[in-house]
Amino acid sequence: MTKVSMTVNGKAASGEAEGRTLLSSFLREELGLTGTHVGCDTSQCGACVVHVNGVAVKSCTMLAAEAEGAEVATIEGQAAPDGTLNVIQQAFQDHHGLQCGFCTPGMVMSAAALLKDNPKPSEQEIREYLEGNLCRCTGYHNIVKAILAASGQDASAIAAE
Amino acid sequence: MPKDSGIGASPKRREDARFLTGTGNYTDDINLNGQAYVHFLRSDMAHGKLNGVDTSIAAEMPGVVRIFTGVDFEGVGGIPCGWQVTDRHGEVMQEPAHPVLAQGKVRHVGEAIAAVVAETPDQARNAAEAIELDIEELPAVVDMKAALAEGSTKVHDDLTSNLCYDWGFVEENKGAVDEAFANAAHVTTLELVNNRLVANPMEPRVAVGDFNRATGDSTLYTTSQNPHVIRLLMGAFVLGIPEHKLRVIAPDVGGGFGSKIFHYAEEAFCTFAAKAVNRPVKWTSSRSEAFVSDAHGRDHVTKIELALDAANNFTALRTDTHANMGAYLSTFAPSVPTWLHGTLMAGNYRTPLIYVNVKAVFTNTVPVDAYRGAGRPEATFQLERVIDKAARELGVDPIALRRQNFITEFPYATPVAVEYDTGDYNATMDKLEEIADLAGFAARRAESEAKGKLRGLGVNCYIEACGIAPSNLVGQLGARAGLYESATVRVNATGGLVVMTGSHSHGQGHETSFPQVIAEMIGIDESMVEIVHGDTANTPMGMGTYGSRSLAVGGSAMVRATEKIIAKTKKIAAHLMEAAEADIELKDGQFSVAGTDKSVAWGDVTLAAYVPHNYPLEEIEPGLEETAFYDPANFTYPAGAYACEVEVDPDTGKVSIERFAAADDFGNIVNPMIVDGQVHGGLGQGIGQALLEAAVYNDDGQLLSASFMDYAMPRADDLPFYQVDHSCQTPCTHNPLGVKGCGEAGAIGSPPAVVNAVVDALQSAGKDVTHVDMPLSPSRVWAAMQG
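A quick note: this is a predicted structure, and the numbers were derived from the prediction, not measured.

A short note on the overall build of chain B
Regarding its fold elements, chain B presents 19 helices and 30 strands. Referenced to the eigenvectors of the C-alpha coordinate spread, the extents of chain B come out at roughly 85 × 75 × 55 Å. In chain B, which comprises 787 residues, the proportion classed as buried is 58%. Looking at chain B alone, contacts between residues at least 24 apart form 80% of all its contacts between residues at least 6 apart.

As structure tokens, this is what we get:
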């Protein structure tokens, strides 16, 4: 076991990790940040997406030790300290972009990374970007809609409802 | 103007605040002081004689607390089956023992053989790898028809064969059905496969067992859709723990879709082991384990025949289905191909004579049980495919053929034992034609053709039966449980309410929609109502959430309990205003005396109930808390019409969904936003079944599609925006809310629409293709096009 230190959601954090400890396990079990979810063991589902140094990463695909010294952002750090949701979180609520909530942290973190690189993505660009995030509840309709809305585009024009 | 509160409004979901900020409380987020971790050693062989399990080396590995094998569970009950089907000869089904850990034999890849309890998950896994197994491999039974052949290897040596039951429905109609076929002007026959699926809720299963030696109480935290059912089955049949010493908690649950209804061996193991090692014991399934240990869904092979007269009226329907049970009977497995399938074979149509035969078969595969729709998708798929095929054979419009045969008068008693209370199938078809813009299809097809693509349109109807009940009827059909639902409504002194429901939310949004109903009934703000669910210690005995039953059954129980509350508060209000009880009206949270200006507020009355100074103590008790158990008189029958437009790439066989429209009749709607979401999710799963998903076994009983690398889950770019509408509303006639249930419709109604559309596309190019089995992968579609 070695000590691993990083900045998580703007605060210094450290804990013990084995060489094989995944970042997802470290966040959940060592730091108690259980908002990052683990939905598979083949890096397919995306429930564990966090940002490492500003880049979206599947935290089950990275060792905790690799994040030594990094700036890590998780779902727990997305809302304002008073609980006010950020634009993407609010859009997910406004457009019913979540049901059971299990894939949601990864979806929100992926959406944030997408909008950082591509502030006005088309529907097709959103769908393609979300290839690495599985949702079993929503059929993706309201997730795509929420991301369109969060990017300031008119989601009400979308068919259905 | 849409309403902003109460029934029919779409308030934002209150559960979202925690799910969006990473503060949900899922079972894997629960860690108890001193907990140990479980790793199950699972069979990698489909069928074998288990001669020995040597744990001597593993037991000495670092961190090992204890290793359990089948021997530790001799004398402990097996995992029970909750439904006993009686076959067409009056014999009860063959019901094999289902041990917690394998005893004597392994019968499917993934069956748990041993369990290591250790200080850390890695130590448990390492030690499991050091367990030495002596297994003599036996031939695997995989194909259902081969399993029934004379001389087949038996999955269970103590049963007479691999046949669980041979069910006929309605057996007395068989002769008349055969006669109708002999006299038919036209018979359409179709053989098809309803592909085996894996439910794959995004949250894998987790169980945490805890035992309090001081009190003798056991607690199980588990990813369940129905904690009371788990408490009853595990306590009474497996571990011998009475309910008052066993608490089951299902906290935030990350999706279920049926797969978290059932009582699983891992739950019983963790509860048992926590007592045995005297510390909390936690198991978290990996996704790889989930694929080989969660109950699968569907897996029917069917031959269906439709008889028509010279005027194209349906005269009879006959089906022959083989239904895979897997290696053991999961909790509700026997009911799925029978009472949840045969009873739906009338669909939306006036077919006077129906006979359904189902042979349920044991194989060396993971047990198969209910998955979103459960029996109803299988019924709908075969019926709507054979009707489509008949229309094409007869050269008539598939929509017109359906309309001609629609049931139009209600109540309608089908020849398969159920009575539809209400519906309007022409209305949903009219709505579908409008929202799907069917009139514009020809132009869209021309556009696709100009791009070198084949465009097809598939339309179908569906009916489902939700809120399965009443209990006395399902008992006669073999259910070993009641199918009521419960609610306790507790009003606090200052007027706020807590509803403790026996149903369970794992994505459906009860915490938001249930308060809308109470707010409507009393005329108070929704924020005054809190919903408690998922813990047997603080909710009344309930049957949980599945089969689209939460609002229709659980919501009705809540209404009944609230009616009792309102009746009592009116008595109190009458006393406070010195008026006759019959003159008291409750509106907008105010009690008033009819025809006067006297009134008291809701909060004044609730306070009087708990501070009964000025109170009719001689007539009624203080306090305001009421419980109701609601046992429905009948199923509810949501129905609708769906349309799918596909483009097929003739060079590759790749299918893309271009448009999808769903017109549903769910009766009354409490929260339209949530209903839309339920339909979207069902459509995603149904389209997934039609285009992508398949649990595939090879002849050795190895599951080839056992990870998200191999099992094609629908992704965002596989699916379109959906056009959904639920403005056609024929309220259910027998529950107090007039609601029917919406959770499964999308998954039931969409697969035939997709397949009908692909067949239409291929036929438009002159291909002689009448059917392609799901999933419609590019290779299958391309092969079909080559003839």
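Examining the sheet that holds strand 15 (residues 300–308) of chain B
All names here are of chain B. Ordered in space as 7-17-16-15-8, the five strands form an open sheet in which the pairing is mixed. Each end of this open sheet is capped by a strand with a single partner; those strands are strand 7 (163–169) and strand 8 (186–194). Each strand of the sheet is rotated relative to its neighbour by a mean of 10°, with strand direction disregarded. Sheet contacts for helix 9 (residues 376–394): strand 8, strand 15 and strand 16 (314–326); angle to strand 8, the most-contacted strand, approximately 140°.

Comments concerning the domain arrangement of chain A
The figure often quoted for interface size is the accessible area lost as the parts come together. Residue and element names in this part refer to chain A. Each assigned domain of chain A is listed here: domain 1 (2–76) and domain 2 (87–153). Between the C-alpha centres of domain 1 and domain 2 there is a distance of 21 Å. Facing 14 residues of domain 1, the contacting portion of domain 2 comprises 11 residues. Among the elements that make up the side of domain 1 that touches domain 2, the one with the highest residue count is strand 3 (residues 49–52) (three residues). Tallied by class, residues from the side of domain 1 that touches domain 2 come to seven nonpolar, seven polar and no charged.

Concerning the packing of helix 14 (residues 510–522) of chain B against helix 15 (residues 550–576) of chain B
Helix-helix packing: each pair is described by the crossing angle between the helix axes and the interaxial distance. Residues and elements named next belong to chain B. Where helix 14 contacts helix 15, the two axes come as close as 10 Å, and the packing angle between them is 35°. Here helix 14 runs over helix 15; the crossing is right-handed. Taken together, the residues of helix 15 that come into contact with helix 14 (itself represented by H510, S513, F514, V517, I518, M521 and I522) are S550, L551, G555, M558, V559, T562 and I566. Here the residues of the contact of helix 14 with helix 15 are counted per class, giving nine nonpolar, five polar and no charged.

Describing the interface of chain A and chain B
Taken together, the contact between chain A and chain B spans 47 residues of the former and 45 residues of the latter. Those elements giving two or more residues to the side of chain A that touches chain B turn out to be helix 2 (87–94), helix 3 (104–117), helix 4 (123–129) and helix 5 (141–150) of chain A. Among the residues making up the side of chain A that touches chain B, the classes are represented as 23 nonpolar, 16 polar and eight charged.

Describing the domain arrangement of chain B
Residue and element names in this part refer to chain B. Here chain B is partitioned into domain 1 (31–138 + 202–255 + 260–293), domain 2 (382–463 + 635–785) and domain 3 (484–630). At the interface, eight residues of domain 1 touch eight residues of domain 2. Its residues placed into classes, the side of domain 1 that touches domain 2 shows four nonpolar, three polar and one charged.

A look at the pairing of strand 21 (residues 485–491) of chain B
Residues and elements named next belong to chain B. By the criterion of burial, strand 21 is predominantly enclosed, with six of the seven residues buried. Pairing of strand 21 with strand 27 (residues 625–630) involves six bridges; the strand directions are antiparallel. Opposite R490, over in strand 27, you have E625 as the bridge partner. In this sheet, strand 22 (residues 497–501) lies alongside strand 21 in antiparallel orientation, the contact comprising five bridges. By the bridge assignment for strand 22, V489 is matched with V499.

Points about the packing of helix 15 of chain B against helix 16 (residues 602–610) of chain B
All names here are of chain B. Contact geometry for helix 15 and helix 16: axes closest at 9 Å, N-to-C directions at 95°. Put simply, helix 15 runs roughly perpendicular to helix 16. Two secondary-structure elements touch here, helix 15 through T569, I572, A573 and L576 and helix 16 through D604, V605, A608 and A609.

Conventions adopted
Residues numbered from 1 in each chain as written. Chains lettered and ligands numbered in written order. Predicted model: local features only at pLDDT ≥ 70, side-chain atom pairs only at ≥ 80, totals over all residues. Helix = DSSP H or I, 4+ residues; strand = E, 2+ residues; numbered from the N terminus. Buried ≥ 20, exposed ≤ 12 C-beta atoms within 10 Å, placed from the backbone. Contact = placed C-beta atoms within 7 Å. Pairing = 2+ DSSP bridges. Axes fitted to C-alpha atoms, helices over the stretch in contact; angles between N-to-C directions. Domains from an automatic or database assignment. Nonpolar A, V, L, I, M, F, W, Y, C, P; charged D, E, K, R; others polar. Left-handed = near helix turned anticlockwise from the far one by under 90°. Parallel < 35°, antiparallel > 145°, perpendicular 65-115°, else oblique.

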